[in-house]
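# Structural features, examined
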Amino acid sequence: MNPRDVEPRLLRGFVAVAEELHFTRAAARLYVAQQALSRDVRRLEEALGAGLFVRTTRAVELTADGERLLPLARRVLAAHEGLAAAFAGPRALLVDLNTDGPSTARTVLERARELAPDCELMARFESGLTHAAAEVAAGRLDVSFGYADGLDPALRARLAYRPVRYEPLAVLLPDGHPLAARAEVPLDALAGETVYAGAGNPRTLEWTGLARELFAGRGIALAPPAPVAVGKDEFRRVMAKTRNPVLVTVDFLDLPGCVKRPLVEPVPLSPLSMVWRKGFGHPGLDALHQAAAGIAAERGWLDVPPASWRPAALTGAPGGG
C-alpha cells in the first residue's frame, strides 16, 4: 500500500492508540476488537515503512516516527470529518449540560438553537466535567461545559475550550439552618461548617478541586464522600438527611426544603468554559460559539467584579482576584 492510499480507519486506530498508549483501551474507545486494531496498526506501519510503537508487556510508547505522524494524522482526520460533514449533512450535535435544571450551559444551548434552527442540538446530562470531558475526547460527546482548568492536564491537552462565564457561587442550605436567614452568606460565616462539593465522585473531580482550593485556610471542611444522588428528588432526600450545606452556582435549581444564598466577601467565581474535541467542526458548534460570545457580551459574563475570588489556575496566586 502506498502512503497516499492510507485509509482514514487506519489513521483513526493509530491516533486512538497514540492517545491511550494502551491497545485494549483504544479498541474499547473505537468499539472494535483488539486484534482488529492491532492488525490495522501493522498495516499502517507496513504502508509507511516505519515502526510507530514500541510495545512491551507493560507499556506502549510512540517511536520517533510515531511522534512525527501523530499531528499529521490528526489533521488528516479533521479534514476527513469536515469533508463528511460538508456533504453528508450534519449529524445531531451532542451537548452535555451537566444538569437537567437551569444553568449557563442551557442558556447558551437555547440561544444556539435559535441561531441555527436547522441544526439538531441534543442535550445530554453527564453530571461532571471530568467524566464528560473524557467522553468528548473519545468522540462519544461533542461539547460540554465546566471548569476546564481543573481537568487533568493530559486530558485537557486533547481538548479545545473557550471561557464562557465566571459563575458566582452560592450555598444551598436546608431550611432551619442558622445561615438560612441571611440574604447573603460571607465566606467566613461558613467557618466550622462541613460543606458538600462532590468529594468521592469520580465524575466531578474538577468541582471538588475548586471547592478544596476555595475552602483552604478558611476553616471550612469538605464533606466526606457520600453516595451520588441522581435526580433532584434523591438529591433533596440526601441533603435533608445529612443537613450539610452544598456548594452550588447561583443558577442552581431551587429545591423545596432548601434555600440558596449567594456567597460574598469575597464573591467566589467558578470559571465555566465550553469544551470540545480538538479539530472537531460542526455547524452546531459554530452556533454555540456565537451564542456564548453574544450572551457573555450582553450580560457581562466574563467581567470580574471587585472583591472576588478565582482559582489560582487563573490568577497565578491562591485566592487571587
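About the thresholds
Residues numbered from 1 in each chain as written. Predicted model: local features only at pLDDT ≥ 70, side-chain atom pairs only at ≥ 80, totals over all residues. Heavy atoms only, no water. Helix = DSSP H or I, 4+ residues; strand = E, 2+ residues; numbered from the N terminus. Areas by Shrake-Rupley, 256 points an atom, 1.4 Å probe, with all protein chains shown as cover. Lys, Arg positive; Asp, Glu negative; His and termini not counted. Charge placed at Lys NZ, Arg CZ, Asp CG, Glu CD. Expected span 1.5 Å × (residues − 1). Buried < 20%, exposed > 50% of the residue type's maximum accessible area, 1.4 Å probe, protein only. pLDDT = per-residue confidence, 0-100. Contact = heavy atoms within 4.5 Å. 1 Å grid on protein atoms, 1.4 Å probe; cavity = no way out; pocket = protein on both sides within 12 Å on 5 of 7 lines; lining within 4 Å. Points joined across faces, edges and corners; volume = space filled by probe spheres on them. Nonpolar A, V, L, I, M, F, W, Y, C, P; charged D, E, K, R; others polar. Core = buried A, V, L, I, M, F, W, Y, C linked by side-chain atoms within 4.5 Å. Axes fitted to C-alpha atoms, helices over the stretch in contact; angles between N-to-C directions. Parallel < 35°, antiparallel > 145°, perpendicular 65-115°, else oblique. Salt bridge = Lys/Arg side-chain N within 4 Å of Asp/Glu carboxyl O. Pairing = 2+ DSSP bridges.

### Details of the overall build of the protein chain
Secondary structure summary: the protein chain contains eleven helices and 13 strands in total. C-alpha atoms of the protein chain, sized along the principal axes, occupy 75 × 50 × 40 Å. Working note: accessible area of the protein chain is about 15700 Å², and carbon and sulfur atoms make up 54% of it. A gap of 3 Å separates the mean positions of the 38 positive and 37 negative side-chain charges of the protein chain.

### Here's the deal with helix α3 (residues 34–48)
A rise of 1.5 Å per residue sets the reference length of α3, with its 15 residues, at 21 Å; its end C-alpha atoms lie 21 Å apart and thus fit the reference within 8%. When α3 is considered as a whole, its buried residues turn out to be L37, S38, D40, V41, L44, E45 and A47. Directly after α3, the chain includes G49, whose backbone phi takes a positive value near 65 degrees.

### Section: the confidence of the model for the protein chain
Residues of the protein chain with pLDDT of at least 70 account for 91%, and the chain-wide mean is 89. Scored below 50 in pLDDT, residues 316–321 shows eleven contacts in the model against residues more than four places distant or in partner chains.

### Regarding the layout of surface pockets
Considering only enclosed or pocket space, the second largest pocket measures out at about 830 Å³ in volume. Lining the second largest pocket are 31 residues, and of these R12, L77, E81, R277 and K278 lie nearest its centre. For the lining of the second largest pocket, the secondary-structure elements that each account for two or more residues are α1 (8–20), α2 (23–30) and α4 (64–88). Here the element with the most residues in the lining of the second largest pocket is α4; it accounts for nine residues. Classifying every residue of the lining of the second largest pocket gives 14 nonpolar, six polar and eleven charged.

### Looking at the nonpolar core
Core analysis: the biggest nonpolar cluster contains 26 residues, and V95, V108, V143, F145, V164, M274 and L288 have the highest contact counts within it. Sorting the residues of this core by element identifies β3 (93–96), α5 (104–115), β5 (143–146), β6 (159–174), β12 (267–277) and α10 (283–299) as the ones contributing at least two each. For this core, the element with the highest residue contribution is α10, accounting for seven residues. Leaving out residues up to four positions away in the same chain, L288 has contacts with L93, V95, V108, L109, A112, L121, V143 and M274. Counting residues in hydrophobic clusters, the runner-up holds 23 residues, among them L10, F53, L69 and L77.

### Comments concerning the packing of α2 against α3
The geometry of α2 relative to α3 is characterised by a closest axis approach of 9 Å and an angle of 105 degrees between their N-to-C directions. As the angle between them shows, α2 and α3 are arranged roughly perpendicular. When α2 is examined against α3, the residues F23, T24, A26, A27 and L30 are found in contact with a partner set consisting of Q34, L37, S38 and V41. Tallied by class, the residues present in the contact of α2 with α3 amount to six nonpolar, three polar and no charged.

### Let's talk about the side chain of T208
Looking at the element boundaries, T208 is found in helix α8 (residues 205–215). In contact with T208, other than residues within four places in its own chain, are A197, G198, A199 and L222.

### Looking at the pattern of salt bridges
A full pass over the atoms with the stated rule returns 16 salt bridges. Put simply, R9 and E7 hold a salt bridge, and the shortest N to O gap is 2.8 Å. The partly exposed category is assigned to R9, whose relative accessible area is 37%. For the salt bridge of E20 with R25, the shortest nitrogen-to-oxygen distance reads 3.6 Å. A relative accessible area of 17% means that E20 is categorised as buried.

### Let's talk about the pairing of strand β11 (residues 258–264)
The two faces of the sheet receive side chains in turn, since in a regular strand these alternate between them. Of the strand pairs in this sheet, β6 and β11 are connected by five bridges, and their pairing is antiparallel. Note on β11: the bridge partner recorded for L173 is V259. Two strands pair when backbone bridges link them, and strand β7 (residues 185–186) and β11 are joined in this way by two bridges, in the parallel orientation. If you follow P186 over to β11, its bridge partner there is V264.

### Brief notes about unusual backbone geometry
P266 follows E265 through a cis peptide bond whose omega is 0 degrees. In this fold, P266 is placed in the loop between β11 and β12. Non-glycine residue Y31 carries a positive phi angle of around 60 degrees. Note that Y31 resides in the loop between α2 and α3. Among the residues examined, Y31 registers a relative accessible area of 64% and is labelled exposed. For N98, which is not a glycine, the phi torsion comes out positive at approximately 70 degrees.

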